[in-house]
Amino acid sequence: MRIALTTLVVADYDDALDFYVHGLGFVLTEDADLGGGKRWVVVTPPGGGAGLVLAQALGAAQVASVGHQTGGRVMGFLHTDDFARDHGRMTAVGVTFLEAPRAEPYGMVAVFQDLYGNRWDLIEPKG
């Protein structure tokens, strides 16, 4: 078994697509109209791995969860083979990093947030 998709509750499909595709460089792999304003939207990182289902929030409970899906903890771990390249590209397009890059025993890392405030680690693993 493997994790294929993870749902990310978002405020707006198109705003989320703009961030994940243009900001992070993810690939739009599916965008299907399901009727009634619902869509099946999937983005995947350019190097492969599990995709994200971008699900527009419906109802008060889902709207309240946007940006807080992990209670303030890091939600995602985005690996790169070139930290400086990807950090620089992401910074240039306006991705907000919450700290300066730092060297850890497991590699280079910096925490950034998505457009809703969910926290992610950008990591270049050692070895």
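- Looking at an unreviewed UniProt entry, one finds the chain named VOC family protein, with Phenylobacterium ferrooxidans as its source organism.

1. Comments concerning a nonpolar patch on the surface
Move 1: On the surface, a nonpolar cluster with roughly 270 Å² of combined accessible area is contributed by Leu-5, Leu-34 and Trp-40.
Move 2: Tracing the backbone through its elements, the reader meets Leu-5 in strand β1 (residues 5-10).

2. A word on the sheet that holds strand β4 (residues 51-56)
Hydrogen bonds between backbone groups are what pair the strands of a sheet, and the pairing can be parallel or antiparallel.
Move 1: Spatially, four strands are ordered β1-β4-β3-β2 in an open sheet, and the strand pairing comes out mixed. Strand pairing shows two members of the sheet lacking a second neighbour, β1 and β2 (27-35), which therefore form its edges. Between one strand and the next, the sheet's axes are offset by a mean angle of 25°, whatever the strand orientation.
Move 2: Pairing geometry for β2 and strand β3 (residues 38-44), over seven bridges, is antiparallel. Considered in β3, the bridge of Asp-33 is made with Arg-39.
Move 3: Along the sheet, helix α1 (residues 13-23) makes contact with β1, β2, β3 and β4, crossing β3 at roughly 10°.

3. Things to note about helix α3 (residues 83-92)
Move 1: All of the buried residues along α3 are Phe-83, Asp-86, His-87 and Met-90. Looking straight down α3, one finds its buried side chains confined to an arc of 100°; they lie on one side. The exposed set on the far side of α3, more than 90 degrees from its buried face, consists of Ala-84 and Ala-92.
Move 2: Elements that come into contact with the buried residues of α3 comprise α1, β6 (96-97), β8 (107-113) and β9 (119-125).
Move 3: Where α3 ends, the next residue or the one after it, Gly-94, has phi of about 95°, a positive value.

4. Quick word on the UniProt feature "domain: VOC" (unreviewed entry) in the chain
Move 1: The UniProt record annotates "domain: VOC" (unreviewed entry) at residues 2-125.
Move 2: Across residues 2-125, helical content stands at 23% and strand content at 43%; the span's end C-alpha atoms are separated by 21 Å.

Conventions and cut-offs
Residues numbered from 1 in each chain as written. Predicted model: local features only at pLDDT ≥ 70, side-chain atom pairs only at ≥ 80, totals over all residues. Heavy atoms only, no water. Patch = residues over 30% accessible without salt bridge, like charges linked within 9 Å, V, L, I, M, F, W, Y side chains within 5 Å. Areas by Shrake-Rupley, 256 points an atom, 1.4 Å probe, with all protein chains shown as cover. Salt bridge = Lys/Arg side-chain N within 4 Å of Asp/Glu carboxyl O. Helix = DSSP H or I, 4+ residues; strand = E, 2+ residues; numbered from the N terminus. Pairing = 2+ DSSP bridges. Axes fitted to C-alpha atoms, helices over the stretch in contact; angles between N-to-C directions. Contact = heavy atoms within 4.5 Å. Buried < 20%, exposed > 50% of the residue type's maximum accessible area, 1.4 Å probe, protein only. Arc of directions from axis to C-beta. UniProt positions renumbered as here; feature names shortened; annotations may be inferred.

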